[in-house]
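As a plain string of letters, each chain reads:
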Amino acid sequence: MSGTLTDHGRRVHVRPARHTAPAQVTALQDALRQCRQLGQVAALRGNGCSSNGLSLSEGAIVDCRAFRSIQLDADSGELLVGGGTPIGELIEWLARHGYSLPVLPSNPSATLAGVLSAGGIGQTSVRHGPIAASVQGLTVVTPDLGEVVIDLARQPEWRLIFGSFGALGAIIQVRLRVQPGPQQFRLQTSEYGGVPMDEAIARLRAGSPDYVLALYDPKRQLWRVEKGHAQNAAPGAVPVDAAGALVPDIHRHVQQKEAAFLQRREAVFAAAPAGQLVNIWADFFVPVEQAGAFDAALAPAARMPLMMPVINVGLVEDAAADKFMDFPLLPVGRRAAYVSFGLYAVVGLADAERVERWFDALRETCLALGGRQYLHGAFPPHEAFLRRQFGDAAIDGLCALRRRVDRAALLKGLPTGPQRMASGQQRSEPLAPIAQLEQAADDHIGGA
Ligand SMILES: Cc1cc2nc3c(=O)[nH]c(=O)nc-3n(C[C@H](O)[C@H](O)[C@H](O)COP(=O)(O)OP(=O)(O)OC[C@H]3O[C@@H](n4cnc5c(N)ncnc54)[C@H](O)[C@@H]3O)c2cc1C
């Protein structure tokens, strides 16, 4: 394999010295051994849906998508899923075989290992916490210890793998606790505008939903909300709210919505000259009582040169926050309710730095309010930031485990130690006005 590679952000472009796609454990081990011999940093890669070069390296790129399989272990009732399996494929397998998982992310093409390496949160996390809570064990290939089979109950230090961004080894298999039956939900939709942030959040929480998908347009201060209640949450449970449309499988439903969104995004990119648009995005998790204060930091959104500005607002209620506490590198750091503000924007290359400075300010506000950033987008690539966000105990634990499995620090992962983010700048050229590009995208996909 050769050529230039980028990721969902399209801001970092690299021409890696080596690009391999091993399909067996031995080939994966060989690839890591070669990195050691050649002194190359290796970035593990799934489908490249993260941003800011997290899955990129100018040394080696180790594509893990060939570890793609799904198999039910009849003895344990657990699902064994290859790390390279796309989420969409997992959702379809579960639907076909009559099983489900409490939480899955919305992006159908992300791989399971990529999602778990980033964190793994979905619209039902409001009730169930992170996807990691369903993971019983993992098989990981590390540079120094080779293939390691991990039982998370017996080896809790490995819970640091969730949110480590490939720092501890390539996840080739995940052992998941699945439940019988689909995730049937009743959904209600609403739209409102001009409501103060605290009141909007109170409306989201009203009725204790098991599912929340809220899109907030900061330019027009408009909310489009979908809330749902599980119809099969527990055997014999009475539905909390029998009103609303019945959705037979919530994960399929969310995936379809995300696919439509991604189609629109592709059309925006297609309408611009090649290389002149980038994505800038980040999710900020803020304690629920600080949502109003965070809203003040969002005000510049109205003046920013953003295309497709969407703030995807999510919730994590107290009981769900409890489930995050086992996972020190995830964005919920206290046993308390949180609101997540997922900012996603398409930006002209020439405006990228300005927008990124605003994201820096949002991050500062988030941390000052007791929150954390979910790190699949832009964040400061150094250990000092990680220590500030996650605390010394978590980062010391990560560094200690890293020394055990990868003494030579071959794997890229979260930037502990010397800074090693991928570089690869582009020149910017004049771009058509934003409204014109958005209109072109609407024409292309019929305003979907
Ligand atoms: C449109 C969109 C919607 C999204 N929705 C959600 C969502 O609902 N919930 C959510 O949690 N996230 C969401 N994300 C973020 C996404 O899940 C993460 O960025 C995820 O990492 C992408 O998976 P990937 O396979 O593309 O990984 P990549 O982008 O290829 O890699 C991401 C990280 O994982 C590491 N990695 C990749 N494969 C392996 C492996 N086999 N073993 C160890 N490390 C590995 C890489 O080194 C890198 O650090 C979304 C992203 C997009 C673009």
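The rules behind the values
Residues numbered from 1 in each chain as written. Predicted model: local features only at pLDDT ≥ 70, side-chain atom pairs only at ≥ 80, totals over all residues. Heavy atoms only, no water. Buried < 20%, exposed > 50% of the residue type's maximum accessible area, 1.4 Å probe, protein only. Helix = DSSP H or I, 4+ residues; strand = E, 2+ residues; numbered from the N terminus. Arc of directions from axis to C-beta. Pairing = 2+ DSSP bridges. Axes fitted to C-alpha atoms, helices over the stretch in contact; angles between N-to-C directions. Near = heavy atom within 4 Å. Polar contact = N/O pair within 3.5 Å; in protein donor to acceptor, adjacent residues only side chain to side chain. Areas by Shrake-Rupley, 256 points an atom, 1.4 Å probe, with all protein chains shown as cover. Lys, Arg positive; Asp, Glu negative; His and termini not counted. Salt bridge = Lys/Arg side-chain N within 4 Å of Asp/Glu carboxyl O. Domains from an automatic or database assignment. Contact = heavy atoms within 4.5 Å. Buried area = accessible area lost by both parts, 1.4 Å probe. Phe/Tyr/Trp six-rings, centres within 6.5 Å; stacked < 30°, edge-to-face > 60°. Lys NZ or Arg CZ within 6 Å of the ring centre and 35° of its normal.

*Asks:* What am I meant to see in helix H10 (residues 383-390) here?
*Replies:* Taken as a whole, H10 has its buried residues at Phe385, Leu386, Gln389 and Phe390. For H10, the buried positions fall inside an angular range of 105° around the axis, keeping them on one side. Backbone geometry just downstream of H10 places glycine 391 in the positive-phi region, at approximately 90°.

*Asks:* Please explain the sheet that holds strand E7 (residues 135-142) as it appears in this structure.
*Replies:* To summarise the sheet geometry, strands pair through backbone hydrogen bonds and adopt either a parallel or an antiparallel arrangement. With respect to topology, five strands assemble into an open sheet ordered E4-E5-E9-E7-E8, the strand pairing being antiparallel. Both edges of this open sheet fall to strand E4 (70-73) and strand E8 (146-151), since each of them pairs with a single strand only. Across the sheet, the mean angle from the axis of one strand to that of its neighbour is 15°, orientation sign disregarded. The pairing of E7 with E8 spans six bridges and is antiparallel. From the neighbouring strand, threonine 142 faces E8, where its bridge partner is glycine 146.

*Asks:* Quick question: what am I supposed to make of the site of the ligand here?
*Replies:* Around the ligand there are 33 residues in total, and Leu44, Ser50, Thr111, Ile121 and Tyr374 lie nearest to it. Leucine 44 is positioned with one of its backbone polar atoms (N or O) 2.6 Å from an oxygen atom of the ligand. Threonine 111 has a polar side-chain atom sitting 2.7 Å from an oxygen atom of the ligand. For the ligand, whose free accessible area comes to 960 Å², the fraction covered by protein is 96%. Looking at the shell around the ligand, the elements with two or more residues in it are strand E2 (42-45), helix H3 (112-118), strand E9 (170-177) and helix H6 (250-270).

*Asks:* How do you make sense of the side chain of aspartate 7 when you look at a structure like this?
*Replies:* Turning to its location among the elements, aspartate 7 is positioned in the segment before strand E1 (18-20). Lacking a salt bridge, the buried aspartate 7 has arginine 45 as its closest oppositely charged neighbour, with an N-O distance of 5.8 Å. At 3.1 Å, the side chain of aspartate 7 and the backbone nitrogen of glycine 9 are in polar contact. At 2.7 Å, the side chain of aspartate 7 forms a polar contact with the backbone nitrogen of glycine 53.

*Asks:* For this particular structure, what's the right way to read the domain arrangement of the protein?
*Replies:* You can read the domains of the protein as domain 1 (70-181) and domain 2 (185-382). Measuring from the centre of the C-alpha atoms in domain 1 to the corresponding centre in domain 2 gives 22 Å. On the side of domain 2, 32 residues touch domain 1, which itself brings 33 residues to the contact. When the two sides are added together, the surface that domain 1 and domain 2 hide from each other amounts to roughly 2700 Å², 64% of it contributed by carbon and sulfur. Among the residues domain 1 hides against domain 2, the three largest losses belong to Gln123, Val126 and Arg127. Together they make up 25% of the total. Connecting domain 1 to domain 2 are three salt bridges. Here arginine 159 and aspartate 326 are joined by a salt bridge, their closest N and O atoms 3.6 Å apart.

*Asks:* I keep staring at the sheet that holds strand E15 (residues 277-287) and nothing clicks. Help me out?
*Replies:* Spatial strand order, E14-E11-E13-E12-E16-E17-E15-E18: eight strands in an open sheet with antiparallel pairing. The open sheet has two edge strands with one neighbour each: strand E14 (245-247) and strand E18 (372-374). In this sheet, neighbouring strand axes are inclined to one another by 25° on average, regardless of whether the strands run parallel or antiparallel. Of the pairings in the sheet, the one linking E15 to strand E17 (residues 338-348) comprises 11 bridges and is antiparallel in character. Bridge pairing in E17 links leucine 277 to glycine 348. Contacts from helix H7 (residues 291-298) reach strand E12 (211-217), E15, strand E16 (307-316) and E17, with the element oriented near 10° to E17.

*Asks:* So what exactly am I meant to see when it comes to the packing of aromatic side chains here?
*Replies:* Aromatic ring pairs are reported here in terms of the distance separating the ring centres and the angle at which the planes meet. With the rule as written, the count across this model stands at 12 aromatic pairs. On the numbers, 6.4 Å between centres and 20° between planes, the contact of tryptophan 93 with tyrosine 99 is stacked. Ring plane angle 70° and centroid distance 6.1 Å describe the contact between phenylalanine 185 and tyrosine 211, whose orientation is recorded as edge-to-face. You can see phenylalanine 185 sitting in strand E11 (residues 185-193) and its partner tyrosine 211 sitting in strand E12, a full 26 residues away along the chain. Here the aromatic cluster, defined as three or more aromatic residues joined through ring pairs, consists of Phe284, Phe294, Phe341, Trp358 and Phe359. Between the NZ or CZ atom of arginine 10 and the centre of the ring of phenylalanine 269, over which it lies, the distance is 4.1 Å. Above the face of the phenylalanine 385 ring, arginine 363 is positioned so that its terminal group lies 5.9 Å from the ring centre.

*Asks:* Even after reading the chapter, I still don't get the environment of arginine 387, so can you show me in this structure?
*Replies:* Residue placement: arginine 387 occurs in helix H10. Among the residues examined, arginine 387 registers a relative accessible area of 23% and is labelled partly exposed. Considering only alpha carbons, one finds arginine 387 and threonine 416, 29 residues apart in sequence, at a separation of 9.4 Å. The residues contacting arginine 387, other than those within four sequence positions of it, are Asp392, Ile395, Asp396 and Cys399. One polar contact links arginine 387 to aspartate 392, side chain to side chain, over a distance of 3.1 Å.

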